[in-house]
Amino acid sequence: MATNAMDRRRINGPQRTVEPIYSKDTDPFASGRKDSRSLDQVRPIYMKTGPLSTQANDLSASSAAAASGSAFYEQGNIRVSCAVYGPRQGRKSNTRMGSFDCDFRYAPFSCSWKKRSHVRGADEKEISLMLEHAIAPAIRLDAYPKACIDAFVTVIESDGKSATIAAAINCISAALVDAGIEMYDSVAACSMGLWESQWVADCSQAEENVSSSTMIIAYMPSADEVTYMLQHGKTSPDQTDQAVQTCINMCTRVYAVLCRGLQASISE
Amino acid sequence: MDIDTETQQQNLTTQIVTPGSAITSDPAFMRGHGTFGEHGTIYSSVAGVVERINKLVSVRSLKQRYSGEIGDIVVGRITEVASKRWRVDVNSRQDAMLLLSSINLPGGIQRRKSESDELQMRSFFAEGDLVFAEVQSYFADGALSLHTRSIQYGKLRNGTFVSVFPQLVPRSRSHFHTLPCGVDVVLGVNGYIWVSKHVPAAKVEANAEHIYSNKNEEISETERESIARVANCIQLLNRLYVKITDTTIIFAYEASLGHAVKDLLTMDIATDLAHAVNSRLAQQG
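Residues numbered from 1 in each chain as written. Chains lettered and ligands numbered in written order. Predicted model: local features only at pLDDT ≥ 70, side-chain atom pairs only at ≥ 80, totals over all residues.

A. Broad picture of the overall build of chain B. Scanning chain B from terminus to terminus reveals seven helices and 17 strands. A principal-axis box enclosing the C-alpha atoms of chain B has dimensions of 65 × 55 × 25 Å. Counting only residues that meet the buried cut, chain B has 38% of its 285 residues in that class. Taking the contacts inside chain B whose residues are at least 6 apart along the sequence as the reference set, 60% of them involve residues at least 24 apart. (Helix = DSSP H or I, 4+ residues; strand = E, 2+ residues; numbered from the N terminus. Buried ≥ 20, exposed ≤ 12 C-beta atoms within 10 Å, placed from the backbone. Contact = placed C-beta atoms within 7 Å.)

What follows is the structure, encoded as structure tokens:
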């Protein structure tokens with residue numbers, strides 16, 4: 001009787017089912033963080049300006065079509081490069097203010113857990129927009145009427161989505177400074193993840209996977225202004241408050257590192 | 001970082017700043033380029049070196065975009081043919097304009113530009129052509145207006161193009177040089193440089209009908225080589241971050257004579273030449 005009731009036009013599941021064997025949920029913080037950082041510590045930062053643009057006093061400099069400014073930024077495993085073009089004649093020409101456009105891309109090999117497509121995905125478009133919002137308030141766009149400034153960001157290696165976005169913001173800031181674009185302040189950004197009511201700074205991908213909430217803040221330290229804030233997941237207002245405070249403190253520290261790197265690149 | 005007292009003013013000249021760093025809160029100072037003021041404090045808006053001229057504080061960055069001044073001699077590339085005007089890329093924040101009314105007609109005929117001239121604008125300058133022009137005025141939005149109303153200005157041909165940092169080309173009496181090696185150089189203050197075969201001025205004037213010609217003249221092998229050598233020397237000076245004038249180009253050219261043209265920009269030869277040019281410049285004082 002049962003065989004008669006079976007629908008032959010569909011692929012039917014097996015008669016007998018067994019429960020899959022789940023991997024034990026490993027606690028990434030069981031014995032401190034994997035890379036023995038403290039909870040409010042950002043991964044070590046390395047920064048270099050001008051890998052894609054012509055530099056003063058560099059005899060090995062390359063082609064004439066080079067970017068106006070560029071930067072390479074490393075934060076732990078995260079590697080991001082950014083090229084800035086402009087200010088140059090914009091496409092929309094009847095604007096009093098300059099415009100800032102950003103193009104954010106993951107390299108196909110950048111995420112070790114997943115091959116990325118060459119086609120620009122929806123998340124890349126979204127992040128591009130986020131970066132524009134985070135950086136544009138820092139640029140003196142009123143000084144560049146009718147002009148546009150373009151930033152092209154490529155993630156070479158990613159480790160933690162929110163941390164990568166924060167790294168991209170820092171990288172663009174450095175590249176804009178390298179291009180000599182007038183700004184009110186450099187933007188420094190940093191991210192956090194919430195893990196069992198504990199905020200953990202600059203989460204790697206493994207840590208982000210187990211965190212219930214994430215927070216990204218972009219901040220201009222000398223102007224004391226937050227330019228962008230993004231939170232995913234549910235928290236209590238107190239927790240958010242605490243995260244904002246901690247993030248701002250960390251941004252100030254990241255900013256100090258950025259400034260020192262930029263000053264070193266000028267005095268070379 | 002505040003520079004308030006006279007005794008600290010020495011620091012002001014060697015100070016390196018990044019965007020957003022406070023330079024001074026002394027109301028006696030005026031803010032110049034690369035700075036902005038807020039709540040009575042002067043902040044830097046670019047990364048660079050703080051400079052002070054009397055009471056004027058400005059920040060000079062290593063890389064600047066060219067910002068035009070009236071009377072500047074520039075080299076530009078036509079990007080668009082619009083109605084009664086050409087848009088010209090002059091390495092600036094926005095494209096410059098070259099109005100149809102501010103060019104010379106072939107043969108130097110003096111008359112108003114008619115509708116038929118408007119229709120054949122592409123026969124004067126088409127997209128991609130290089131022009132040698134002078135800045136005539138500004139538009140209200142800060143865009144530059146160029147003119148080519150002189151026999152020496154106009155379309156560029158018979159040569160090669162080099163792009164350098166605009167701040168390396170100083171404004172001077174003459175921007176058109178004929179080097180002793182038989183090469184003409186047009187040093188645009190916007191950082192665009194044209195290196196070409198030497199054509200005597202008398203011959204240019206005699207051929208006034210052909211100022212918008214797109215055809216190169218006959219360029220011999222040796223002329224090609226010296227054009228390439230001068231172009232590479234200018235590129236070298238650019239990488240050295242040395243002021244680019246006719247004298248420095250000649251220094252670099254003479255120092256480079258022992259090497260093949262194609263090797264000039266390889267790392268070790270470039271380093272050798274850099275030393276030679278630098279010591280020559282130091283001797284000059």
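B. View of the overall build of chain A. For chain A, the helix and strand inventory stands at five helices and nine strands. Considering chain A as a whole, with its 268 residues, one finds that 44% of them fall into the buried category.

C. Highlighting the domain arrangement of chain B. On domain assignment, one finds that chain B holds domain 1 (6-60) and domain 2 (73-275). Centre-to-centre, using C-alpha coordinates, domain 1 of chain B lies 36 Å away from domain 2 of chain B. (Domains from an automatic or database assignment.)

D. Seen up close, the UniProt feature "domain: Exoribonuclease phosphorolytic" (unreviewed entry) in chain A. On the UniProt side, "domain: Exoribonuclease phosphorolytic" (unreviewed entry) is annotated at positions that read residues 41-182 and 186-245 of chain A here. Between the end C-alpha atoms of residues 186-245 of chain A the distance is 19 Å, and the span holds 25% helix and 47% strand. (UniProt positions renumbered as here; feature names shortened; annotations may be inferred.)

E. Up close: the sheet that holds strand 7 (residues 198-201) of chain A. All names here are of chain A. With antiparallel pairing, the four strands of this open sheet are ordered in space as 7-6-8-9. In this open sheet, the two edge strands, each paired with only one partner strand, are strand 7 and strand 9 (225-232). Between one strand and the next, the sheet's axes are offset by a mean angle of 25°, whatever the strand orientation. Across four bridges, the pairing between strand 6 (residues 188-195) and strand 7 is antiparallel. (Pairing = 2+ DSSP bridges. Axes fitted to C-alpha atoms, helices over the stretch in contact; angles between N-to-C directions.)

F. Just the interface of chain A and chain B, in detail. Taken together, the 32 residues of chain A in the interface contact 30 residues of chain B. Elements with a contribution of two residues or more to the side of chain A that touches chain B: strand 3 (78-89) and helix 5 (237-267) of chain A. Of all the elements, helix 5 of chain A adds the most residues to the side of chain A that touches chain B, at five residues. For the side of chain A that touches chain B, the residue count by class is 17 nonpolar, ten polar and five charged. (Nonpolar A, V, L, I, M, F, W, Y, C, P; charged D, E, K, R; others polar.)

G. Geometry of the nonpolar core. Cys82(A), Val153(A), Ile169(A), Cys171(A), Ile172(A), Ala175(A) and Ala189(A) are the most contacted members of the largest nonpolar core, which has 83 residues in total. The element that contributes the greatest number of residues to this core is helix 3 (residues 161-178) of chain A, accounting for twelve residues. Apart from the residues lying within four places of it in its own chain, the contact partners of Ile169(A) are Leu131(A), Ala134(A), Ile135(A), Val187(A), Ala189(A) and Ala218(A). Grouped together as the second largest cluster of nonpolar side chains are 54 residues, Tyr66(B), Leu98(B), Val164(B) and Phe251(B) included. (Core = buried A, V, L, I, M, F, W, Y, C linked by C-beta atoms within 7 Å.)

H. Examining the confidence of the model for chain B more closely. All names here are of chain B. When pLDDT is averaged across chain B, the result is 88; 95% of the residues are at 70 or more. Mean pLDDT values over the elements of chain B span from 54, in helix 1 (residues 9-14), up to 95, in strand 16 (residues 183-187). Low confidence marks residues 1-8, where pLDDT is under 50. Its contacts with residues over four positions away, or in another chain, come to 13 contacts. For this predicted complex, the interface confidence reaches an ipTM of 0.81, while the overall pTM sits at 0.84. (pLDDT = per-residue confidence, 0-100.)

I. Up close: unusual backbone geometry. Residues and elements named next belong to chain A. For the bond from Gly 86 to Pro 87, the omega torsion is 0°, close enough to zero to count as cis. Examined against the element boundaries, Pro 87 turns out to sit in strand 3. If you check the backbone angles, Asp 224 has positive phi at about 55° while not being a glycine. Counting through the fold element by element, Asp 224 comes out in the loop between strand 8 (213-220) and strand 9.

J. Region of the structure containing the environment of Ser83(B). Secondary-structure assignment places Ser83(B) in the loop between strand 8 (73-82) and strand 9 (85-89). Look at Ser83(B) and you get exposed, because 7 C-beta atoms sit within 10 Å.

K. The arrangement of the pairing of strand 6 of chain A in detail. Residue and element names in this part refer to chain A. With seven of eight residues buried, strand 6 is to be regarded as a mostly interior element. As defined by bridge partners, strand 6 adjoins strand 8 across seven bridges and the pair is classed as antiparallel. When the sheet's bridge partners are listed, Cys 190 is paired in strand 8 with Ile 217. Between strand 6 and strand 7, which pair antiparallel and follow one another directly, the connecting turn spans two residues, one of which, Glu 196, has a positive phi of 45°.

L. Structural context of the UniProt feature "domain: S1 motif" (unreviewed entry) in chain B. Taken from the UniProt record, the annotation "domain: S1 motif" (unreviewed entry) applies to residues 69-149 of chain B. End-to-end, the C-alpha atoms of residues 69-149 of chain B are 18 Å apart, and along that stretch the chain is 11% helix and 40% strand.

M. Quick peek at the packing of helix 6 (residues 246-256) of chain B against helix 7 (residues 267-284) of chain B. Residue and element names in this part refer to chain B. Axis separation between helix 6 and helix 7 bottoms out at 9 Å; the angle between their running directions is 135°. Classified by the angle their axes make, helix 6 and helix 7 are oblique. Regarding helix 6 and helix 7, the two cross each other, and that crossing is right-handed. Note on element contacts: helix 7 touches helix 6 through Leu 273, Ala 276, Val 277, Arg 280 and Leu 281, opposite Thr 248, Phe 251, Ala 252, Ala 255 and Ser 256. Here the residues of the contact of helix 6 with helix 7 sort into seven nonpolar, two polar and one charged. (Parallel < 35°, antiparallel > 145°, perpendicular 65-115°, else oblique. Left-handed = near helix turned anticlockwise from the far one by under 90°.)

N. Quick look at helix 5 (residues 221-240) of chain B. Relative to the 28 Å expected for 20 residues at 1.5 Å per residue, helix 5 of chain B spans 29 Å between its end C-alpha atoms, a close match to the ideal helical length. Positioned one or two residues after helix 5 of chain B, Tyr241(B) has a phi angle of 60°, which is positive. (Expected span 1.5 Å × (residues − 1).)

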